[in-house]
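The chain contents come next:
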Amino acid sequence: MKSRKWMAGLGVASMLMAGVLSGCSSEGASTEGKDGEKTQVTLAGWGGNPTEEKLLKQTIADFEEKNPDIDVKLEVITEQYMDVIKTRLIGGEGPDVFYLDAFEAPALIETGVIEPLDEYVTDEFDVDDFEKPLLEAFISDDQTYGFPKDYSTLALFYNKKMLDEAGVEVPQTWDDFQKAAKTLTKDGKYGFGVAPELARQFWVAQSLGGDVVKDGKANFASDDVVTALKPVIDMHNEDQSAVEPKEVGATWGGEVFGQEKAAMVIEGNWAIPFLADTFPDVEYGTAELPTIDGKKSTMAYSVAYVMNAASEKKKASWKLLSYLTGKEGMETWTSKGYALPTRKSVAEKLGYDQDELRGPLVAGASYATVWSEGTNLPTITNNFNNQFLSAFLGDRPLDDALKEAQKQANSEIDSN
Amino acid sequence: MKSLSRRALRESGQGYLFMSPALFVLLLFIIGPIFYVIFLSFHKVQLLGGASYDFVAFDNFARILDDTRAQIALWNTFKYVVIVVPCQTILALILAATLNAGMKGQSVFRIIYFLPTLTSSAVLTLIFMWMYNKNGLINNMLDAIGLPTYNFLGDPDIALNAIMIMNIWSTAPFFMVIYLAALQDIPDSLYEAAELDGASTIQKFMKITVPHLRPVTSFVAIMGLIGTFQLFDQSYIFSGGSGGPDNSTLTVVLLVYQYAFKNLGTMGYAAALVLMLAIVILVATLIQRKFSKEESLY
């Protein structure tokens, strides 16, 4: 009788423990290559708007049709994408193929969790077809770790009506731009809706030859950078012709522009569908960014598909990855203009360089600076943004603010 | 030890066996992580791509002393605690006292006052951000009565205060309920006696209500301290995870989050920061108890 009680207790306890433990165990071993069985490849990314999601599903459906032995499981991570991906990679539960922003790429590649792709690449895949600067953001030590799925550059968006009324031409140079912004500022409306953050100001910061990042360290307090950024601050504090979206109750540049509170904003491709959906009545045009010191420049933001180095289904993963970034897949994915193709041949075929609104964006690709600069860029950006804002709001001089931010950024980099 | 017979041994063994699932869960999810954090705080940790742990002794703690952002975070958190805890405690006490005064429609007011507590803090923050908007409700109201308007979300001097107001408004009702329960326990005879002696309402409140509520006040203050020191979600949503504008909404927990998840390879430093916060909370709680001079059970 007694021993039976013992047994019962043991049984209950072990069942509960088994329950707890099984929650943590990983899924079964690799099923790749078995006959008649489908290989399941997981693909993780963040959600886009409904049209974008439809296009991605279309591309995946095409792929599955061509590869009946592979089943693609799409996982949409809606919030805190990088946190979720990092945590899952640490836990050994990472997706086989996933999105990786060029901004985060160097640091993640350095840890060795991303599979180098060179040995998979075939001639047919045609690597040379990619826009070179975009591809380079995912190359480290001569190894390619990802292929960019799309990109966007920055262009000048201007409100046709407001410019006509003020009798202002679309500014070609940085000086013209500042004058135009001043003329356009009246009746509670501003000339320039500006985003006071490094991601958007990087091209301005480097326009006089200064480096924001030097030898992997913050260098944005150097004279060239400070001088280059000064006009942005002056436009806000002296001319009062520039405004941050938050100051007029909007969340980002596209919204300020759509609400016609600012006549000009510097935004990317993403603003075009947004304006068409939310503010269809605004008449606007796009132009290449004004030249600073006679030189053209802009930013390019890109995202690649990368493969998890710990994946057990690498062959199938490569098939998927190469289809998504291949000529056929990319054509489907970028066909509606929500994203710009990183392959020259696809861009030509879809004719975006001829497009009235997207032409200036495509034109920028050849001279754009890619938003990616070594492993420490996230730390540098964080510190820059924090202090740049206080200078922007007029709380302190720009050079002081940036000096302090640089010191802080570099001390963080040194301690890491 | 003589009473520890075979039978007693077996019985206690059985007891532990039945408790084992709970003990196991406790060990795995509570005790284990605490020791793991202590372990991490003495190491330089890289978790991605083949975990590596290098013993660095007290380097992580020494780094806190050099880290301006850690100091800003600590200072912000401190300001926040010092202002929010007394405000929410006093507000809760006043709300509870008015609700207990026996006026008409008391239960309706009780429900209305308690409503903010039911909203999740994330939703609450989003609603407040909308109201704090440059063209939002609060600025419109300020404008209507001729007061200056503020850029609550973008101005470093105001952003933290905006979070404070929001949090006092949302947590005070919870403590109000605790006060209400305690108020019911104060015997009416005391008030009757005071009335006979000619005490005014305010005198009754100060001389009877407040002293009798002292143990509860102490509880409310300690819970408030712990809660406010751990401020994270509001400032996270408010600043989009950055602690901006200009580090003004950076709190210790937000900084810990940034080091643990946003940077790679700084998990050890994040663990050291979190231990420091634990020590700060412990000390603050001890000081609070010393001042409240109350033998209590918590």
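Looking only at helices and strands, one finds 13 helices and two strands in chain B. Computed over C-alpha atoms, the radius of gyration of chain B comes to 24 Å, more than 25% over the 19 Å expected from 2.2 N^0.38 for 298 residues, which places it beyond the range of a compact globule. Over its C-alpha atoms, taken along the principal directions, chain B stretches across nearly 70 × 70 × 30 Å. Counting the 298 residues in chain B, one finds 41% classified as buried. Nonlocal contacts in chain B, meaning residues at least 24 apart in sequence, comprise 65% of its contacts between residues at least 6 apart. Accessible area of chain B: about 16,300 Å², with a carbon and sulfur share of 70%. Charge separation in chain B, taken as the distance between the mean sites of 18 positive and 17 negative side-chain charges, equals 9 Å.

Let us now look at the side chain of Thr-266 of chain B. Mapped onto the secondary structure, Thr-266 of chain B falls in the loop between helix H12 (252–262) and helix H13 (267–292). For Thr-266 of chain B, a relative accessible area of 1% gives the class buried. At a separation of 2.5 Å, a polar atom in the side chain of Thr-266 of chain B contacts the main-chain carbonyl oxygen of Tyr-259 of chain B. Not counting the four nearest positions on each side in its chain, Thr-266 of chain B is found in contact with Asn-416 of chain A together with Val-45, Arg-63 and Tyr-259 of chain B.

Once that is clear, we can look at a negative patch on the surface. Residues and elements named next belong to chain A. A surface patch of like charges, here negative, comprises Asp-211, Asp-215, Asp-223, Asp-224, Glu-373, Asp-399 and Asp-400. Broken down by secondary-structure element, the contributors of at least two residues to the negative patch are helix H9 (223–237) and helix H17 (398–415). As for its placement among the helices and strands, Asp-399 is situated in helix H17.

Looking now at empty space enclosed by the protein. Applying the stated criterion across every chain yields a total of three cavities of 30 Å³ or more. In this model, the largest cavity occupies a volume close to 100 Å³. Considering the residues around the largest cavity, the lining is formed by 13 residues, among which Phe-192, Ala-195, Arg-200, Gln-201 and Ile-266 of chain A are closest to the centre. Among the secondary structure elements, those contributing two or more residues to the lining of the largest cavity are strand S7 (190–193), helix H8 (198–205) and strand S11 (262–268) of chain A. Per element, the largest residue contribution to the lining of the largest cavity is four residues, and it comes from H8 of chain A. Here the lining of the largest cavity is composed, by residue class, of eight nonpolar, three polar and two charged. Approximately 60 Å³ is the volume attributed to the second largest cavity. Lining the second largest cavity we find Asn-383, Gln-387, Glu-404, Ala-405 and Gln-408 of chain A together with Thr-68, Arg-69, Ile-72 and Asn-247 of chain B.

Residues and elements named next belong to chain B. Put simply, helix H2 (residues 59–66) and helix H3 (residues 68–100) touch, their axes get as near as 5 Å, and they point 75° apart. Accordingly, the angle class assigned to the pair H2 and H3 is roughly perpendicular. Of H3, the residues touching H2 (which contributes Ile-64, Leu-65 and Asp-66) are Thr-68, Ala-70 and Gln-71. Grouping the amino acids of the contact of H2 with H3 by side-chain chemistry returns three nonpolar, two polar and one charged.

Here is what the cut-offs are and how they apply
- Residues numbered from 1 in each chain as written.
- Chains lettered and ligands numbered in written order.
- Predicted model: local features only at pLDDT ≥ 70, side-chain atom pairs only at ≥ 80, totals over all residues.
- Heavy atoms only, no water.
- Helix = DSSP H or I, 4+ residues; strand = E, 2+ residues; numbered from the N terminus.
- Rg over C-alpha atoms; globule rule 2.2 N^0.38 Å.
- Buried < 20%, exposed > 50% of the residue type's maximum accessible area, 1.4 Å probe, protein only.
- Contact = heavy atoms within 4.5 Å.
- Areas by Shrake-Rupley, 256 points an atom, 1.4 Å probe, with all protein chains shown as cover.
- Lys, Arg positive; Asp, Glu negative; His and termini not counted.
- Charge placed at Lys NZ, Arg CZ, Asp CG, Glu CD.
- Polar contact = N/O pair within 3.5 Å; in protein donor to acceptor, adjacent residues only side chain to side chain.
- Patch = residues over 30% accessible without salt bridge, like charges linked within 9 Å, V, L, I, M, F, W, Y side chains within 5 Å.
- Salt bridge = Lys/Arg side-chain N within 4 Å of Asp/Glu carboxyl O.
- 1 Å grid on protein atoms, 1.4 Å probe; cavity = no way out; pocket = protein on both sides within 12 Å on 5 of 7 lines; lining within 4 Å.
- Points joined across faces, edges and corners; volume = space filled by probe spheres on them.
- Nonpolar A, V, L, I, M, F, W, Y, C, P; charged D, E, K, R; others polar.
- Axes fitted to C-alpha atoms, helices over the stretch in contact; angles between N-to-C directions.
- Parallel < 35°, antiparallel > 145°, perpendicular 65-115°, else oblique.

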